[in-house]
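# Inside the fold
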Amino acid sequence: MQKNQRPQADAGADQSVDGGAPVTIDGLASSDPDGTLSAYAWVQSAGPTVVLQEADQAQARFTAPTVASAANLEFRLTVTDNDGERASDSVSVAVTPTQPNTPPVAIAGPDQSAVAGATVSLDASASHDAEGPVTYAWQQTSGPSFAWQGATDAATVSFTTPTTGADYAVIIGLTVTDTQGLSASDAVVVQVQDPNSDADGDGVPDDRDNCPSVPNPGQEQTGYNLGRGLGDACVDPNVKIPASVDLGTGVTIAKGVKLGDQVTIGDNTRLEQGATIKDGATLGADVSVGEKATVKDGASVGDGSTLGRKATIKAGARLGAQVSVGEKTSIGEDALIGDRCAIGDDSTLKQQVVLGMDVIVGRNTQIKAAAQVGDRASIGEAVTIRAGVVVPADAVIPDGTVVK
Ligand SMILES: [Ca+2]
Ligand SMILES: [Ca+2]
Ligand SMILES: [Ca+2]
Ligand SMILES: [Ca+2]
């Protein structure tokens, strides 16, 4: 009896396949020189695990795995002959990725604001990856340290903002990682306002301080700053009020403020010393204008207003009824002075000024030629009325009046 000859295993030629493709590994070329093969056994020996079909047949099948990067699979075939003797061979199957992996997109959510001591929730669930699910990692990167509430590896996390006695910001970084290990980052800024903070140390907490950067314990807020929520300390006192602004009522316009054209100033306003009321400005009733104010051409001053000493009322200005004009006022040509106005002592009324009815003109005032004086106007002592002034018969011209 001859000695049995070993079978010869042949696992076939190495292959290269696409991810997801059906693959057959073929051991049909195996043989036994002096008998027959009684068994085939395929096992995977390397690479991402696949499910082998018909692993006990000459030909076995599997589906190539979907891989993000190239992978190599190895299979070992063992054949057994009719005398129970065995032989083995291996085959490689290279799997190419069907499409390259793309990095995930990290979305940490919009920046937020919170008060100190509050719970802030962050939501990164809008993060995504084209190839599959992502994992999350949150980490504080700046600001006063805080304690997380629960896990920091979830899409949504939360923490409590610490109380520090000052306003601050915290920045929280987010890293999102896909199933293939690619990652992306994002960050979210949380601005935290501490109700007890007082950045400028003026005793007024920031959230109630109309100028939190400059000490102003009195919270002064006058003139143009009224209604704007700005303290005087934060605003240039020489600010120019833009054209066509309506300043509303009860406003005080500080010294040096320049009013633009067409500004409307409401009732009970006070314009301090040196204010300039420009062309087209409209001042409401009972406006008080300080010394050395200038009322320019075309400006209109409402009823009952007071123009201070040494005011200059330029040509063409219109003063309403019962306006009180202070001492040493100069009233320009063609100005219209309403009924029952009082014009202070030492004023100069230039040519062609028209004085309304019952206007009172103070002492030492000069009324120049061609001015018209209304009915029952009362002209003070020592007033100089130049030649050509029209004075009606019932105007009261006391003793000492000089008519040149
Ligand atoms: Ca044999
Ligand atoms: Ca990906
Ligand atoms: Ca303050
Ligand atoms: Ca302040």
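Where an unreviewed UniProt entry is consulted, the chain appears under the name PKD/Chitinase domain-containing protein, with the organism given as Thiorhodococcus minor.

### Observations concerning the overall build of the chain
Across its full length, the chain holds zero helices and 38 strands. A buried classification covers 30% of the 404 residues belonging to the chain. Counting only contacts in the chain whose residues sit at least 6 apart along the sequence, the fraction spanning at least 24 positions is 32%.

### Describing the nonpolar core
Residues Leu 122, Ala 124 and Leu 174 are the most contacted members of the largest nonpolar core, which totals 16 residues. When contributions to this core are tallied by element, the ones reaching two or more residues are strand S9 (134–142), strand S12 (168–178) and strand S13 (183–193). Per-element tally for this core: the top contributor is S12, with four residues. Those residues in contact with Leu 174, other than ones at most four positions away along the chain, are Ala 106, Ala 108, Ala 124, Tyr 136, Trp 138, Ser 185, Asp 186 and Ala 187. With 14 residues, the next largest nonpolar core counts Trp 42, Leu 77, Val 91 and Val 93 among its residues.

### A look at the environment of Thr 80
With respect to the element layout, Thr 80 can be found in strand S5 (residues 71–81). Considered as a pair, Thr 80 and Ala 41 are 39 residues apart in the sequence and their alpha carbons are 8.6 Å apart. Not counting chain neighbours up to four residues away, the residues in contact with Thr 80 comprise Leu 37, Ser 38, Ala 39 and Arg 86.

### Structural notes on the sheet that holds strand S10 (residues 148–149)
Strand pairs in the sheet, formed through backbone hydrogen bonds, run parallel or antiparallel to each other. Across the sheet, three strands lie side by side as S8-S11-S10; this open sheet has antiparallel pairing. The strands lining the two open edges of the sheet, one partner per strand, are strand S8 (119–123) and S10.

### Here's the deal with the environment of Gly 344
Secondary-structure assignment places Gly 344 in the loop between strand S30 (342–343) and strand S31 (348–349). You can call Gly 344 buried: it has 23 C-beta atoms within 10 Å.

### Things to note about the pairing of strand S6 (residues 86–96)
In the sheet, strand S1 (residues 15–18) pairs with S6 via four bridges, with the strands oriented parallel. Bridging from a neighbouring strand, Val 17 pairs with Val 95 of S6.

### As for the sheet that holds strand S7 (residues 112–115)
Strand order in this open sheet of four strands is S7-S13-S12-S9, and the pairing throughout is mixed. Looking along the sheet, the strands with just one partner apiece sit at the ends: S7 and S9. Taken over all neighbouring pairs, the strand axes of this sheet differ in orientation by 30° on average, direction set aside. Summarising the sheet, S9 and S12 pair through eight bridges and their orientation is antiparallel. Its bridge partner being in S12, Ser 142 is matched across the sheet by Ile 171.

### Section: unusual backbone geometry
We note that Glu 54 has phi near 55°; this positive angle belongs to a residue other than glycine. Looking at the secondary structure, you find Glu 54 in the loop between strand S3 (37–46) and strand S4 (59–63). The class for Glu 54 is partly exposed, based on 13 C-beta atoms found within 10 Å.

### Here we look at the environment of Val 50
As for its position among the elements, Val 50 is in the loop between S3 and S4. Given 17 C-beta atoms within 10 Å, Val 50 falls into the partly exposed group. Residue contacts for Val 50: discarding those within four places in its chain leaves Gln 44, Phe 62, Thr 63, Pro 65 and Leu 73.

Criteria and cut-off values
Residues numbered from 1 in each chain as written. Chains lettered and ligands numbered in written order. Predicted model: local features only at pLDDT ≥ 70, side-chain atom pairs only at ≥ 80, totals over all residues. Helix = DSSP H or I, 4+ residues; strand = E, 2+ residues; numbered from the N terminus. Buried ≥ 20, exposed ≤ 12 C-beta atoms within 10 Å, placed from the backbone. Contact = placed C-beta atoms within 7 Å. Core = buried A, V, L, I, M, F, W, Y, C linked by C-beta atoms within 7 Å. Pairing = 2+ DSSP bridges. Axes fitted to C-alpha atoms, helices over the stretch in contact; angles between N-to-C directions.

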